[in-house]
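Residue-level listing of the chains:
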Amino acid sequence: MAEKNSAHGTMTDNNHAALWHGRFAEGPDAAAVEFETSIYVDERMALDDIAGSKAHAAMLVHQGIISAEENDAIQKGLASIEADLTAGKLAIDYSAEDIHSFVEATLTDRIGEAGKKVHTGRSRNDQIALDERLYLRRAIPDLQKALKKLIQTLAKVASEHTDSLLTGYTHMQHAQPVTLAHHLCAWAWPLVRDYERLSDSLKRIAKSPLGSGALAGSDLPLNRELVAEKLGFDGVTENSLDGVSDRDYCIEFASDFALLQSHLSRMSEEVVIWSTTEFGFIDLSEKWSTGSSIMPQKKNPDFAELIRGRTGKVYGDLIALLVMMKGLPLSYDRDMQEDKQSLFEAYDAVLANVMVFDAMIGTARWNKEKMAASCDGGFANATDVADYLVRKGLPFRTAHGVAAQAVRLCIDRGLTAIEELTIADLQKLSPLFEDDIFAKITPRACVEARNVTGGPAKSQVERQIAKLREFVEGN
């Protein structure tokens, strides 16, 4: 291997290659090294690897396995690597097989023989399981912060549109009148659950696997609980085989990401539909739209489409993890090296998508007139006609039939709304109709009549907005 320059001199003892291949008479083929290396993916865990090594070395000196002087050198050496990486003074050596070998070799290069003792009592198998947990504990709060900001944005926009009428759809057909605020709250609540799922998943990685060794622990007097305490874990994994051989936490987080991405995709689909000329409900900012290379009139919702399009990638990462693990015998198998790319790719995608969707919605303008006009025609108030008769004492199924007859009568006459019928027309269908029926079935009246918890009435939506804001402020 060629000599590699570091920020503190030149590594001349081939540390990166020598760490893991002592059993072999021949060095690895260059193509083999290139094929098996993971450092391009796991370099983002450098600070986590250092944190784990610091805690591990502190435990080793506490247990009398290394000397105080050796621990002091290790701690200072690791701190210097951390500082140099953070400041950009130390570049990752991509000839290293993985981030563990890079950190250990760099440490040994800086402090000498004491650096070789940092790996005492551990394996890369338990080391990577620890690093991934440490990374997720550090990264997931950033995603949750972005989620809270998006929820806050949706609550803010909703608060400005509690009176903005909008047609609600089922089967993409006019169903019942709601408001834009009610619809935006329906976007926000799944994101709350996504946030909570991430918090639940964090609870299940609160156990330290370090000390599990390659698979059977160690015959050295390790204190796993001390390492766990120093790293802020709740405790340790109970079984050494399990500690190194499962990636269920990667799959669980990838599943969380996939669900979150599903919600973003559905929301983006509605943005795409609503931005069409036919709907015209939303006008996206020019900062979050694109033009056409051939049609000068176009204003395309490309960012919503890209969020929607990248959903398959996030789903694919989840499937890749599930397939990777489905047939692996205990304990560690090298297949598991592939976990990081899928996990990190899915994380990066959903974080970026949340942030983009937030900016896109926060800068959009809404066409209240077109949204309100969508409530006219289409018989979206037919259920309210039935409910009117129910309040008069008619059984619902009978009332439903009368309302359906009213719709049929309109269609036969070429009318587009029940309110185009006369009171005489309606009374032929049921004598329970009175003149107040028309005031009861305006879009605004239909919305306000649904004053039940979770309903679209203004007071109920305002309660939802308050609860969303309470969630953001309390987390």
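Residues numbered from 1 in each chain as written. Predicted model: local features only at pLDDT ≥ 70, side-chain atom pairs only at ≥ 80, totals over all residues. Heavy atoms only, no water.

## Some details on the overall build of the protein
Across its full length, the protein holds 21 helices and 8 strands. For 475 residues, the compact-globule formula gives about 23 Å, and the C-alpha radius of gyration of the protein, at 31 Å, lies well above that figure. Projected onto its principal axes, the C-alpha coordinates of the protein cover approximately 100 × 55 × 40 Å. Burial status across the protein gives 49% buried among its 475 residues. Long-range contacts, defined as pairs at least 24 residues apart, comprise 75% of the intrachain contacts of the protein with a sequence gap of at least 6. Computed over 52 positive and 70 negative side-chain charges, the separation of the two mean positions in the protein equals 6 Å. (Helix = DSSP H or I, 4+ residues; strand = E, 2+ residues; numbered from the N terminus. Rg over C-alpha atoms; globule rule 2.2 N^0.38 Å. Buried < 20%, exposed > 50% of the residue type's maximum accessible area, 1.4 Å probe, protein only. Contact = heavy atoms within 4.5 Å. Lys, Arg positive; Asp, Glu negative; His and termini not counted. Charge placed at Lys NZ, Arg CZ, Asp CG, Glu CD.)

## Some points on the environment of Val178
Its place among the elements puts Val178 in strand β4 (residues 173-179). Not counting residues within four places of it along the chain, the set of residues in contact with Val178 comprises Ser164, Leu165, Leu166, Thr167, Gly168, Val447 and Pro456.

## Details of the packing of helix α4 (residues 46-62) against helix α5 (residues 68-87)
Relative to each other, α4 and α5 sit at 170°, their axes nearing to 10 Å. On the basis of their axis angle, the class for α4 and α5 is roughly antiparallel. Along the contact surface, α4 presents Ala46, Leu47, Ile50, Ser53, Lys54, Ala57, Ala58 and Val61, while α5 presents Ala68, Asn71, Ile74, Gln75, Leu78, Ala79, Ile81, Glu82, Leu85 and Thr86. Taken together, the residues of the contact of α4 with α5 sort by class into 12 nonpolar, 4 polar and 2 charged. (Axes fitted to C-alpha atoms, helices over the stretch in contact; angles between N-to-C directions. Parallel < 35°, antiparallel > 145°, perpendicular 65-115°, else oblique. Nonpolar A, V, L, I, M, F, W, Y, C, P; charged D, E, K, R; others polar.)

## Some thoughts on the confidence of the model for the protein
Averaged over the protein, the pLDDT score is 93; the fraction of residues at 70 or greater is 93%. Here residues 1-14 scores under 50 on pLDDT; set against residues more than four positions off or in separate chains, the count is 27 contacts. (pLDDT = per-residue confidence, 0-100.)

## Focus: a nonpolar patch on the surface
Together, Leu215, Leu241 and Leu330 make up an exposed nonpolar region whose accessible area comes to about 260 Å². Checked against the element boundaries, Leu241 lands in helix α10 (residues 240-245). For Leu241, a relative accessible area of 30% gives the class partly exposed. (Patch = residues over 30% accessible without salt bridge, like charges linked within 9 Å, V, L, I, M, F, W, Y side chains within 5 Å. Areas by Shrake-Rupley, 256 points an atom, 1.4 Å probe, with all protein chains shown as cover. Salt bridge = Lys/Arg side-chain N within 4 Å of Asp/Glu carboxyl O.)

## Focus on the packing of aromatic side chains
Note on aromatic pairs: each is described by the distance of the centres and the angle between the planes. Summed over the entire model, instances satisfying the criterion amount to 13 aromatic pairs. An aromatic cluster is defined as three or more aromatic residues linked by ring pairs; in this entry it consists of Tyr169, Trp187, Trp274, Phe279, Phe281, Phe357 and Trp366. Above the plane of the ring of Tyr249 lies Arg133, whose end atom (NZ or CZ) is 4.3 Å from the centre. (Phe/Tyr/Trp six-rings, centres within 6.5 Å; stacked < 30°, edge-to-face > 60°. Lys NZ or Arg CZ within 6 Å of the ring centre and 35° of its normal.)

## Section: unusual backbone geometry
The peptide bond linking Leu330 to Ser331 adopts the cis configuration, its omega dihedral lying at 10°. With respect to the helices and strands, the residue Ser331 is situated in the loop between α13 (311-325) and α14 (339-362). The phi angle at Met172 is positive, at roughly 60°, despite the residue not being glycine. Accessibility expressed as a relative area gives 48% for Met172, which makes it partly exposed. The phi angle at Phe379 is positive, at roughly 60°, despite the residue not being glycine. One can find Phe379 in the loop between α15 (368-373) and α16 (382-391).

## Concerning α4
Taking 1.5 Å as the rise per residue, α4 with 17 residues should run 24 Å; its terminal C-alpha atoms sit 24 Å apart, in good agreement. In terms of residue burial, α4 counts as a mostly covered element, since 12 of its 17 residues are buried. Every buried residue of α4 is listed here: Ala46, Asp48, Asp49, Ile50, Gly52, Ser53, Ala55, His56, Ala57, Ala58, Met59 and Leu60. In this structure, the buried side of α4 is in contact with α3 (39-42), α5, α6 (99-111), α7 (124-159) and α9 (224-230). Where α4 ends, the next residue or the one after it, Gly64, has phi of about 75°, a positive value. (Expected span 1.5 Å × (residues − 1).)

## What to know about the pattern of salt bridges
This structure, assessed with the given rule, holds 28 salt bridges. Two residues, Arg334 and Glu97, come together in a salt bridge whose shortest N-O distance is 3.0 Å. Within this pair, whereas Arg334 is found in the loop between α13 and α14, its partner Glu97 is found in the loop between α5 and α6, the two being separated by 237 residues in sequence. Counted as one network, the salt bridges with shared partners bring together Glu97, Asp98, Arg124 and Arg334.

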